[in-house]
Amino acid sequence: MKTSKGFGTRAVHAGVRPDPATGAVMTPIYQTSTYAQEAPGKHKGYEYARTQNPTRQALEASVAALENGTHGIAFGSGMAAMDALVRLLQPGDEVLACNDLYGGSYRLLTRVYGPLGIRSRFVDMAGTPDIEALIRPETRMIWIETPTNPLLRITDIAAVCRLARQHGILTVVDNTFASPYLQQPLELGADLVTHSATKYLGGHSDTVLGVVATRSDELAERIRFLQNAAGAVPGPHDCFLVLRGIKTLHLRMERACNNAARIAQWLAHHPRVATVHYPGLDSHPQHALAARQMRRFGAMVSFDLVDDNLDAAMQVLQRTRLFTLAESLGGVESLIGHPASMTHASIPRQERLRAGLTDTLIRLSVGVEDADDLIADLEAALGH
Ligand SMILES: *Cc1c(COP(=O)(O)O)cnc(C)c1O
């Protein structure tokens, strides 16, 4: 499928073709572990399902097309995808990462790879960071999350990737929060883009899966080797669910972005709200950068309360009815969460506070319900 087609067309069609055996319009779930061979070594390109599965291949082709890449590689979770990317490095190498990244990513870098000799340094990458001043000779990978989680800070992907390339440093963008509909890191010069497809790509909170996309044949070959050799592959049913989710990604994102923009505006005027973090607000420090780099501003919103105490935040979190108190994000239903005790609990408190993540920060994953109902729910929970 030519990537010159519009995003919605690619979301519906890329990677998918009627099943050659039956004509089934929807990609079947090839629930098999192995494939019959006509003679030893004579087969249809499928030998063993850790190595090749047609449902997974359809998903991988779809993700590659959505990210304007040439290769898509799927894993059993977003963390498994990240794990494969960090394995591209050697002991002694350093990962330079943003300092308010996903808690699980922080944990993988510090607790799994730190003891193996791959060090990580966490720095403020909001805006256009001075990469020349931040890198060291051992820096081999720059890990960007933008918008960040949960403070919705924006990093200038093109500027970071340009300088990293000059120094031979690999750049990875965790594009989970934006989704490929809103942001295309490969177009901006990133070597690798990764997603927790558990979130917007799947979109229905019913599966866990991870993907990587790239334009580099060399990197794709190394990552595919790791996919098969380490074996953290997704099952075909999960691939099917994400493929189905992708078909409506553009529709869901439009609606969720509309809802989030209205909610962020409304929160910004609420007397109990101190700060609203949303890249679409004029008050956001990287608003102009977000407008340049993203199609729209996303559907994640976070905010602090004026009465800066944990009890006040806990009350709000327990009072919403439509917003479900839960970890995760990116589904059709709206969720509310408390990063300090939930998604980011694995980051030490001092480290959290240094990154600006307060104990009272509340994070919303805005879904595709009716905005009026969502605002009424927040109004009731916040009180006056
Ligand atoms: C959820 C998430 C991950 C991890 O993905 P899993 O599918 O849960 O393993 C990584 N990065 C970001 C930004 C996430 O939100």
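Caption draft 1: Spatial organisation of the sheet that holds strand 12 (residues 362–365). If you walk across this open sheet you meet the five strands as 8-9-12-11-10, and the pairing is mixed. Single-partner strands in this sheet number two, and they are strand 8 (273–277) and strand 10 (324–325). Taken together, the four bridges between strand 9 (residues 300–305) and strand 12 define a ladder with antiparallel strand orientation. Across the sheet, residue Phe303 finds its bridge partner in strand 12, namely Ile362.

Caption draft 2: Spatial organisation of the sheet that holds strand 6 (residues 192–196). Judged by pairing direction, the sheet is mixed, and its seven strands sit side by side in the order 1-7-6-5-4-2-3 without closing on themselves. Each having just a single partner strand, strand 1 (71–75) and strand 3 (119–123) make up the two edges of the open sheet. Across the sheet, the axes of successive neighbouring strands diverge by a mean angle of 20°, strand direction being ignored. In terms of strand pairing, strand 2 (residues 94–98) meets strand 4 (residues 139–145) through four bridges, oriented parallel. Along strand 4, the bridge assignment pairs Val95 with Met141. Taken strand by strand, helix 4 (residues 103–113) contacts strand 2, strand 3, strand 4 and strand 5 (170–174), and its axis lies near 140° from that of strand 3.

Caption draft 3: Quick peek at the site of the ligand. Close to the ligand lie 14 residues; Gly78, Asp174, Ser196, Thr198 and Lys199 are nearest. At 2.8 Å from an oxygen atom of the ligand is found a side-chain nitrogen or oxygen belonging to Ser196. Burial of the ligand by the protein amounts to 91% of the accessible area it has alone, namely 380 Å². Within the shell around the ligand, the residues separate by chemical class into six nonpolar, five polar and three charged.

Caption draft 4: Structural view of unusual backbone geometry. Omega for the peptide link from Thr146 to Pro147 comes to -5°, which places this bond in the cis form. Topologically, Pro147 is positioned in the loop between strand 4 and helix 6 (157–166). The amide bond that connects Asn149 to the next residue, Pro150, takes the cis arrangement and shows omega of 5°. When you line up the elements, Pro150 lands in the loop between strand 4 and helix 6. Backbone geometry places Leu152, a non-glycine residue, at a positive phi of 55°. Structurally, Leu152 is set in the loop between strand 4 and helix 6. On the basis of relative accessible area, Leu152 is assigned to the buried category, the value being 2%.

Caption draft 5: Summary view of the packing of helix 3 (residues 78–86) against helix 4. With their axes 11 Å apart at the nearest point, helix 3 and helix 4 run at an angle of 45° to one another. Between helix 3 and helix 4, the interaxial angle falls into the category oblique. As for the relative orientation of helix 3 and helix 4, their crossing is right-handed in sense. On helix 4, the residues that touch Met79, Met82, Asp83 and Val86 of helix 3 are Gly104, Ser105, Leu108, Leu109 and Tyr113. Here the residues of the contact of helix 3 with helix 4 sort into six nonpolar, two polar and one charged.

Caption draft 6: Structural context of helix 3. A large share of helix 3 lies buried, amounting to eight of its nine residues. Those residues of helix 3 lying buried are Gly78, Ala80, Ala81, Met82, Asp83, Ala84, Leu85 and Val86.

Calculation notes
Residues numbered from 1 in each chain as written. Predicted model: local features only at pLDDT ≥ 70, side-chain atom pairs only at ≥ 80, totals over all residues. Heavy atoms only, no water. Pairing = 2+ DSSP bridges. Helix = DSSP H or I, 4+ residues; strand = E, 2+ residues; numbered from the N terminus. Axes fitted to C-alpha atoms, helices over the stretch in contact; angles between N-to-C directions. Contact = heavy atoms within 4.5 Å. Near = heavy atom within 4 Å. Polar contact = N/O pair within 3.5 Å; in protein donor to acceptor, adjacent residues only side chain to side chain. Areas by Shrake-Rupley, 256 points an atom, 1.4 Å probe, with all protein chains shown as cover. Nonpolar A, V, L, I, M, F, W, Y, C, P; charged D, E, K, R; others polar. Buried < 20%, exposed > 50% of the residue type's maximum accessible area, 1.4 Å probe, protein only. Parallel < 35°, antiparallel > 145°, perpendicular 65-115°, else oblique. Left-handed = near helix turned anticlockwise from the far one by under 90°.

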